[in-house]
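Fold and contact review
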Amino acid sequence: MDRLPNTDEEAAAELAELASRIAHHNRLYHAEDAPEISDAEYDALVRRNNAIEAAFPHLVRADSPSVQVGAAPAGHLSKVAHAQPMMSLENAFSDEEVVEFVARIRRFLSLGEDDAVALTAEPKIDGLSCSLRYEKGRLVRALTRGDGRIGEDVTANVRTIADIPDQLPEDAFGTPDVFEVRGEIYMAKADFLRLNERLLREAEDAGNADKARQFANPRNAAAGSLRQKDAAVTATRPLRFLAWGWGELVGAEVEETQAGRIGRIAKGFPVSELFAGPFDVTAALDHYRRIEAERADLPFDIDGVVYKVDRLDWQQRLGSVAKAPRWALAHKFPAEKAQTTLNAIDIQVGRTGKLTPVARLEPVTVGGVVVTNATLHNADEIARLGVHPGDRVVIQRAGDVIPQIVENLSRDDGREPWPFPDKCPECGSDAVAEEGEVDIRCTGGLICPAQRVERLRHFVSRGALDIDGMGGTTVESFFRDGLLHSPADIFRLHTKRDEILARERWAETSVDNLLSAIEQRRAPDPARFLFGLGIRHIGSVTARDLLRAFGTVERLAEVASKAADDAEARGEIEAVDGVGPVVAQALVDFFAEQHNREAWDDLLSEVSPPPLAEEVRDSEVSGLTVVFTGSLETLSRDEAKAQAESLGARVSGSVSAKTGLVVAGPGAGSKLKKASELGIRVVDEAEWARIVQSAT
DNA sequence: GTGCCTCGAGTTCT
DNA sequence: CTCGAGGCAC
């Protein structure tokens with residue numbers, strides 16, 4: 001590193017420059033774009049900044065990056081890509097599934113009768129996964145799991161956690177170039193209770209006990225505490241850490257087993273006392289039961305047991321499927337259940353007119369959160385459960401989140417089934433099920449205020465026009481107060497500036513921001529625009545496929561109108577990939593409807609979606625059909641597909657004589673075999689990245 | 001006609 | 001995230 005500045009002037013000037021450069025790179029991370037510089041270079045900037053600040057403490061700027069590390073502009077944390085993705089785990093809910101997991105591994109590795117698959121087993125702590133990156137033994141960055149590929153930078157906050165050392169102990173680790181330790185940040189149950197008491201006391205002292213912000217459960221408390229903007233607040237929160245794995249390793253000593261490497265990590269980090277193995281399946285399941293028995297007495301919340309294949313070379317060979325490794329499994333404890341009273345069954349009307357019954361429940365805590373609503377899906381589900389308002393029901397949170405009613409304790413088949421309405425509760429129109437369908441829909445169409453508001457919400461939603469400052473709640477309240485009736489009205493809101501200003505919580509700046517965000521959408525992406533219209537069966541993917549075929553929304557409308565009585569036009573629509581008779585009919589119906597035509601013309605008098613312009617770069621795969629197979633490690637399927645399309649290639653799911661290139665990741669099977677039989681070029685993910693890079 | 005696979009739609013809570 | 005329906009390949 002360069003020498004430090006000698007004078008205040010030099011130091012101040014360099015700090016100013018560093019502040020602006022670091023802020024610039026933070027913005028790039030935040031925008032989720034490919035950063036311009038590597039993590040190491042970024043860290044060098046931050047370290048340089050900190051070194052100068054240490055020498056010239058009186059010059060620390062108000063906007064200093066050291067104050068803001070981990071805190072990007074709007075109070076959000078900056079986003080950084082993981083060096084190696086943090087995968088999630090496949091779940092199992094029964095012993096049989098665990099046995100099948102091992103059998104699958106045996107098949108995959110073609111093991112003989114005598115080869116035993118040894119597993120480790122450890123409790124799965126209910127906290128936040130976090131990856132700690134040590135370079136040359138020093139902690140340089142801590143990221144949350146995020147979506148697995150990109151996490152949130154919580155370095156400054158993590159430095160306040162006592163369980164996490166700043167420096168890897170050299171006697172156990174040496175000084176590897178890169179050593180990423182992964183584990184769980186959590187809050188112990190007792191600490192959680194004390195924290196809530198403290199928060200309540202502090203609120204009382206401040207004279208607003210009723211506004212005390214307490215946490216619902218230890219997991220939320222840990223998440224809320226870690227993701228603080230101000231690391232000083234995190235420092236006052238009792239966070240803890242348990243290591244369970246690792247990420248990128250460069251220049252580190254290599255072990256042969258999971259247990260071996262965890263053993264070494266344990267020399268620098270807390271590791272669960274219940275980590276055990278290697279086991280055969282029977283012993284692993286015994287360990288599961290032991291942990292389950294101790295569950296209530298453990299100092300922290302757990303939601304299952306994780307098994308991992310002990311041999312690291314086997315882990316390597318097994319690779320991963322989609323987002324989860326094949327060599328690990330989370331054996332979950334049975335979902336927590338609770339009893340409560342079904343107070344009422346309300347009917348919600350969705351944007352397609354679907355009537356969805358919702359159970360309003362007497363609030364009850366299940367799995368750490370208070371549940372008050374649960375969907376009942378449709379009339380069939382109500383009949384299956386035989387529920388009526390006033391019944392006692394059993395609910396559970398399935399698949400970790402969404403509450404569902406699993407049993408009706410007051411079931412009495414002598415009763416008439418709950419009368420599902422045959423009129424829309426919002427507009428009074430007939431509500432009927434279409435031939436062969438379970439769902440009951442309001443026939444009111446645009447007469448129905450619920451449908452109108454839901455369609456407007458959909459129009460501005462993130463996958464559609466995505467207008468900043470115009471969320472679902474805003475749309476709803478504007479609609480209710482008559483500022484908006486149809487999508488086109490959004491683009492006429494500028495004539496109602498004073499009315500909006502008169503509303504609560506709308507000041508000059510926010511109104512101006514909203515209006516300018518709306519102006520930015522006068523020429524919306526045509527595929528998002530089409531998707532936003534909410535035509536049945538036309539989701540985001542089909543909308544884009546249609547525009548690829550027709551170029552502009554005007555041309556699509558023309559063909560769809562003609563197709564009502566022109567077989568040739570209909571054929572043109574059905575020729576689009578992924579569009580069959582049902583989707584084509586939905587499109588035709590939409591344009592045949594008078595209201596829709598009027599709304600369409602009105603809307604197009606305000607906005608002009610340009611022709612679909614997909615930048616197609618020339619590359620060695622232009623015009624070819626590409627097939628992705630096996631697991632992709634640095635890309636999601638969607639991204640890979642988007643990349644291929646941006647290179648003018650088509651993407652297909654199966655290998656045939658028409659395939660031009662196969663991109664195979666680990667675990668590729670039959671498709672890879674077929675490709676080699678047909679003599680098709682096969683490349684790995686790294687080679688694919690090169691092809692994408694070299695496109696012009 | 002049968003069986004994947006993909007896409008659309010609806011949903012809970014913080 | 002999960003379910004069901006639509007599309008398409010075999």
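Residues numbered from 1 in each chain as written. Chains lettered and ligands numbered in written order. Predicted model: local features only at pLDDT ≥ 70, side-chain atom pairs only at ≥ 80, totals over all residues. Heavy atoms only, no water.

As annotated in an unreviewed UniProt entry, chain A carries the name DNA ligase and is attributed to Stakelama marina. The Sequence similarities (unreviewed entry) comment attached to chain A in UniProt states, word for word, "Belongs to the NAD-dependent DNA ligase family. LigA subfamily." Chain A has a UniProt comment under Function (unreviewed entry) that states "DNA ligase that catalyzes the formation of phosphodiester linkages between 5'-phosphoryl and 3'-hydroxyl groups in double-stranded DNA using NAD as a coenzyme and as the energy source for the reaction. It is essential for DNA replication and repair of damaged DNA." (UniProt positions renumbered as here; feature names shortened; annotations may be inferred.)

As recorded in UniProt, the sites labelled "binding site: Zn(2+)" (unreviewed entry) are Cys 424, Cys 427, Cys 442 and Cys 448. In three dimensions, the annotated residues from a span of 25 residues occupy one location, with a maximal C-alpha spread of 8.5 Å. By secondary structure assignment, the location of Cys 442 is in strand β20 (residues 440-442). Structurally, the position occupied by Cys 448 is in the loop between β20 and α14 (449-460). Judged by relative accessible area, Cys 448 falls into the buried class, the value being 0%. What Cys 448 contacts, discounting residues up to four positions off in sequence, is Val 349, Cys 424, Glu 426, Cys 427 and Cys 442. (Helix = DSSP H or I, 4+ residues; strand = E, 2+ residues; numbered from the N terminus. Buried < 20%, exposed > 50% of the residue type's maximum accessible area, 1.4 Å probe, protein only. Contact = heavy atoms within 4.5 Å.)

Here we take up the protein's contact with DNA strand C. All residues adjacent to DNA strand C are Asp 577, Gly 578, Val 579, Gly 580, Pro 581, Val 582 and Val 583. Measuring from a phosphate oxygen of DNA strand C, one finds a backbone N or O atom of Gly 578 at 2.7 Å. Between DNA strand C and the protein, one listed contact pairs a phosphate oxygen with a backbone N or O atom of Gly 580 at 2.6 Å. Its residues placed into classes, the surface near DNA strand C shows four nonpolar, two polar and one charged. (Near = heavy atom within 4 Å. Polar contact = N/O pair within 3.5 Å; in protein donor to acceptor, adjacent residues only side chain to side chain. Nonpolar A, V, L, I, M, F, W, Y, C, P; charged D, E, K, R; others polar.)

What follows concerns the side chain of Asp 310. Mapped onto the secondary structure, Asp 310 falls in the loop between β10 (302-309) and α12 (312-318). Buried charged residue Asp 310 carries no salt bridge. Nearest counter-charge: Arg 311, at 8.1 Å. Those residues within four positions of Asp 310 in sequence are excluded, and the remaining contacts are Ala 118, Leu 119, Thr 120, Glu 256, Thr 257, Gln 258, Ala 259, Pro 278 and Gln 315. (Lys, Arg positive; Asp, Glu negative; His and termini not counted. Salt bridge = Lys/Arg side-chain N within 4 Å of Asp/Glu carboxyl O.)

Direction vectors running N to C along helix α22 (residues 567-574) and helix α23 (residues 581-592) enclose 120 degrees, while the axes themselves pass 9 Å from each other. In this view, α22 runs oblique relative to α23, as classed from their interaxial angle. Considering only the axes of α22 and α23, their crossing is right-handed. Note on element contacts: α23 touches α22 through Pro 581, Ala 584, Gln 585, Leu 587 and Val 588, opposite Arg 570, Ile 573 and Glu 574. Tallied by class, the residues present in the contact of α22 with α23 amount to five nonpolar, one polar and two charged. (Axes fitted to C-alpha atoms, helices over the stretch in contact; angles between N-to-C directions. Parallel < 35°, antiparallel > 145°, perpendicular 65-115°, else oblique. Left-handed = near helix turned anticlockwise from the far one by under 90°.)

Counting residues in each nonpolar core, the largest one holds 55 residues, and the members touching the most others are Met 470 and Ile 490. Here this core takes six residues from α23, the largest share from any one element. When residues of this core are assigned to domains, at least three map to each of domain 4 (445-519) and domain 5 (526-606). If you look at the next biggest cluster of nonpolar residues, it comprises 37 residues, including Leu 132, Leu 226, Ile 262 and Phe 275. (Core = buried A, V, L, I, M, F, W, Y, C linked by side-chain atoms within 4.5 Å. Domains from an automatic or database assignment.)

All right, on to the UniProt feature "active site" (unreviewed entry) in chain A then. In this structure's numbering, the residues bearing the UniProt feature "active site" (unreviewed entry) are Lys 124. Inspection of the secondary structure puts Lys 124 in strand β3 (residues 119-125). For Lys 124, a relative accessible area of 23% gives the class partly exposed. When residues no more than four places from it in sequence are discounted, the contact partners of Lys 124 are Leu 89, Ile 302, Asp 303, Gly 304, Val 305, Val 306, Ala 330 and Lys 332.

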